[in-house]
Amino acid sequence: QIQLGESGGGLVQAGDSLTLSCAGSGGTFNTYAIHWFRQAPGKEREFVAAIARDGGITQYSNSLRDQFTISIDNAKNTVYLQIHSLKPEDTARYYCAGRMNSEISTMPQRMRVWGKGTLVTVSL
């Protein structure tokens, strides 16, 4: 199965934009639906967005869709998550996760593989 690795997190200021990357290796990347979740301190892991079928299908959290953009570079086996107009409440560890057969789910327990996450901290 594939392995996933996130990058692009860091300390940013409120109002900034940031792009996170999720690189896949070791398997057939395009047979997975790649998801982004986030987990803030003391809170449950939350679905953000997902992409499948070489970018032909995308899904966003209803409450977050205006702030996030998910995209894929098939040649690089990499999925990107653009975050716009960052706010302190966006501070969290952002994880990418894969589910087989290009199936999208908003439930973390249905993911097959996870990355270790990348930390985003937003200051005022």
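Structure: above.
Residues numbered from 1 in each chain as written. Predicted model: local features only at pLDDT ≥ 70, side-chain atom pairs only at ≥ 80, totals over all residues. Heavy atoms only, no water.

Turning to the environment of Val 48, a few remarks are in order. Considering the arrangement of structural elements, one finds Val 48 in strand β5 (residues 46–52). The exposure class assigned to Val 48 is buried, which follows from its relative accessible area of 0%. Between the alpha carbons of Val 48 and Gly 10 there is a distance of 18 Å; along the sequence they are 38 residues apart. Once you skip the residues sitting within four places of it in the chain, Val 48 turns out to touch Trp 36, Phe 37, Arg 38, Gln 59, Tyr 60, Ser 61, Leu 64, Phe 68 and Leu 81. (Helix = DSSP H or I, 4+ residues; strand = E, 2+ residues; numbered from the N terminus. Buried < 20%, exposed > 50% of the residue type's maximum accessible area, 1.4 Å probe, protein only. Contact = heavy atoms within 4.5 Å.)

Considering all chains together, one arrives at three aromatic pairs under this definition. Here Phe 37 and Phe 47 contribute two aromatic rings whose centre-to-centre distance is 5.8 Å and whose plane-to-plane angle is 70°, an arrangement assigned as edge-to-face. Residue Phe 37 is located in strand β4 (residues 32–39), and its partner Phe 47 is located in strand β5; the two are separated by 10 residues in the primary sequence. An identical accessibility class is assigned to Phe 37 and Phe 47; each is buried. Measuring from centroid to centroid gives 5.2 Å for Phe 37 and Trp 114, while their planes differ by 50°, and the two rings are tilted. Placement of Phe 37 in strand β4 and of Trp 114 in strand β10 (residues 113–114) is noted, with a sequence separation of 77 residues between them. Clustering of aromatic rings is evident, with ring pairs tying together Phe 37, Phe 47, Tyr 95 and Trp 114. In this structure, Arg 45 packs its charged tip against the face of Trp 114, placed 4.7 Å from the ring centre. (Phe/Tyr/Trp six-rings, centres within 6.5 Å; stacked < 30°, edge-to-face > 60°. Lys NZ or Arg CZ within 6 Å of the ring centre and 35° of its normal.)

Glancing now at the pattern of salt bridges. For the coordinates displayed, the defined rule picks out four salt bridges. In this structure, the salt-bridge partner of Arg 38 is Asp 90, at a minimum N-O distance of 2.9 Å. Residue Arg 38 is located in strand β4, and its partner Asp 90 is located in the loop between β8 (78–83) and β9 (92–100); the two are separated by 52 residues in the primary sequence. A single burial state applies to Arg 38 and to Asp 90, both of which are buried. (Salt bridge = Lys/Arg side-chain N within 4 Å of Asp/Glu carboxyl O.)

Take the sheet that holds strand β3 (residues 18–25) next. Judged by pairing direction, the sheet is antiparallel, and its four strands sit side by side in the order β1-β3-β8-β7 without closing on themselves. Every interior strand has two partners, whereas the edge strands, β1 (3–7) and β7 (68–73), have only one. Pairwise comparison of adjacent strand axes, ignoring direction, gives a mean angle of 20° for this sheet. As judged from the six bridges shared by β3 and β8, these two strands associate in the antiparallel manner. When the sheet's bridge partners are listed, Leu 18 is paired in β8 with Ile 83. (Pairing = 2+ DSSP bridges. Axes fitted to C-alpha atoms, helices over the stretch in contact; angles between N-to-C directions.)

Moving on: the pairing of β9. Within a regular strand, the side chains alternate between the two sheet faces. Most of β9 is tucked away: seven of the nine residues are buried. Across eight bridges, β4 lies against β9 in antiparallel orientation. When the bridges of β9 are listed, Trp 36 appears paired with Cys 96. As defined by bridge partners, β9 adjoins strand β11 (residues 118–123) across three bridges and the pair is classed as antiparallel.

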